[in-house]
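# Survey of secondary and tertiary structure
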Amino acid sequence: MSSTLELLDALSHTDVFQGVENTILEQVCSISELIEVTSGTTIFREGESGTDLFVVVAGAVELTTVIQRGEEQRLALLDRGQIFGELACFDELPRSATACAFVDSVVLKVPGPPLRDLITSSPALAAALLKNLVKKVSLRLRDADQEIRSLTAVKRV
């Protein structure tokens, strides 16, 4: 699963890189690294610094966060074409969750600084990422709003 065509296909089907021209996606692939991770392997931990964005090429990655008394809470289970690590890639703050291979997986590691350089040099990439990231964040906020409503309703009962 390491041919450029396969990587281009994986990137073009992500929610963030959707609609980006193949010539630009080829540049993203050229700065990226394909990594095989075995089931249970931690890719990054909540609170760590990091600027890399990741794409699930094969397998599944679990995102978790620590809640009360050190318990872990699953935030998401991501499969092919889904990205993670994008928050730290763009805001350069510590990781907001832990990412761990749920099964044997392949992820594409896109380093933040070179990606930001590509964004600066490519208005088409910048426009597509802005549009797609705003849509992704908007959907997450809507989901969070719904979750808050559900929790509030449970407390009132």
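If you're wondering where the values come from, they're calculated on a predicted model, not measured in any experiment.

### Considerations on a nonpolar patch on the surface
Taken together, the side chains of Leu77, Phe102 and Val103 make up a nonpolar region of the molecular surface, amounting to roughly 230 Å² of accessible area. Here valine 103 is to be found in the loop between strand 7 (98-101) and strand 8 (105-110).

### Let's talk about the sheet that holds strand 6 (residues 83-84)
If you walk across this open sheet you meet the 4 strands as 1-8-3-6, and the pairing is antiparallel. With partners counted over all chains shown, the strands left at the sheet margins are strand 1 (33-37) and strand 6, one partner each. Pairing analysis gives 5 bridges linking strand 1 to strand 8, with the strands arranged antiparallel. Along strand 8, the bridge assignment pairs glutamate 36 with valine 106.

### A closer look at the sheet that holds strand 7
One open sheet holds the 4 strands; their spatial order is 2-7-4-5, and the pairing between them is antiparallel. Unpaired on one side and paired on the other, strand 2 (42-44) and strand 5 (72-78) mark the two borders of the sheet. On average, each strand axis in the sheet is inclined to that of its neighbour by 30°, with strand direction left out of account. Relative to strand 5, strand 4 (residues 61-66) is paired through 6 bridges, and the arrangement is antiparallel. Along strand 5, the bridge assignment pairs leucine 63 with alanine 76.

### So, the packing of aromatic side chains
Taken as a whole, this structure holds 3 aromatic pairs when the rule is applied. Note on phenylalanine 54 and phenylalanine 84: the rings are 5.1 Å apart at their centroids and 10° apart in plane angle, and the pair reads as stacked. With phenylalanine 54 in strand 3 (residues 53-58) and phenylalanine 84 in strand 6, the pair connects residues that are 30 residues apart, well separated along the chain. With respect to burial, phenylalanine 54 and phenylalanine 84 carry one shared label: buried. Connected via pairs of aromatic rings, a cluster forms that spans Phe44, Phe54 and Phe84.

### Structural notes on the nonpolar core
Nonpolar side chains tend toward joint burial in soluble globular proteins. By size, the foremost hydrophobic cluster in this structure holds 26 residues, and its most contacted members are Leu11, Phe17, Val28, Leu53, Leu108, Leu115 and Leu125. At the level of elements, helix 1 (4-12), helix 2 (22-30), strand 3, strand 8, helix 4 (112-121) and helix 5 (123-156) are the ones that each hand at least two residues to this core. With near-sequence residues (within four places) excluded, leucine 108 lies in contact with Leu7, Leu11, Ser32, Glu33, Leu34, Leu53, Phe54, Val55 and Val57.

### What about the pairing of strand 3?
Burial analysis of strand 3 places 5 of its 6 residues in the buried class, which makes it a mostly covered element. The pairing of strand 3 with strand 8 spans 5 bridges and is classified as antiparallel. Residue valine 55 lies in a different strand from strand 8, and its bridge partner there is leucine 108. Across 2 bridges, the pairing between strand 3 and strand 6 is antiparallel. Within strand 6, the residue paired with valine 55 across the bridge is isoleucine 83.

About the criteria used
- Residues numbered from 1 in each chain as written.
- Predicted model: local features only at pLDDT ≥ 70, side-chain atom pairs only at ≥ 80, totals over all residues.
- Heavy atoms only, no water.
- Patch = residues over 30% accessible without salt bridge, like charges linked within 9 Å, V, L, I, M, F, W, Y side chains within 5 Å.
- Areas by Shrake-Rupley, 256 points an atom, 1.4 Å probe, with all protein chains shown as cover.
- Salt bridge = Lys/Arg side-chain N within 4 Å of Asp/Glu carboxyl O.
- Helix = DSSP H or I, 4+ residues; strand = E, 2+ residues; numbered from the N terminus.
- Pairing = 2+ DSSP bridges.
- Axes fitted to C-alpha atoms, helices over the stretch in contact; angles between N-to-C directions.
- Phe/Tyr/Trp six-rings, centres within 6.5 Å; stacked < 30°, edge-to-face > 60°.
- Buried < 20%, exposed > 50% of the residue type's maximum accessible area, 1.4 Å probe, protein only.
- Core = buried A, V, L, I, M, F, W, Y, C linked by side-chain atoms within 4.5 Å.
- Contact = heavy atoms within 4.5 Å.

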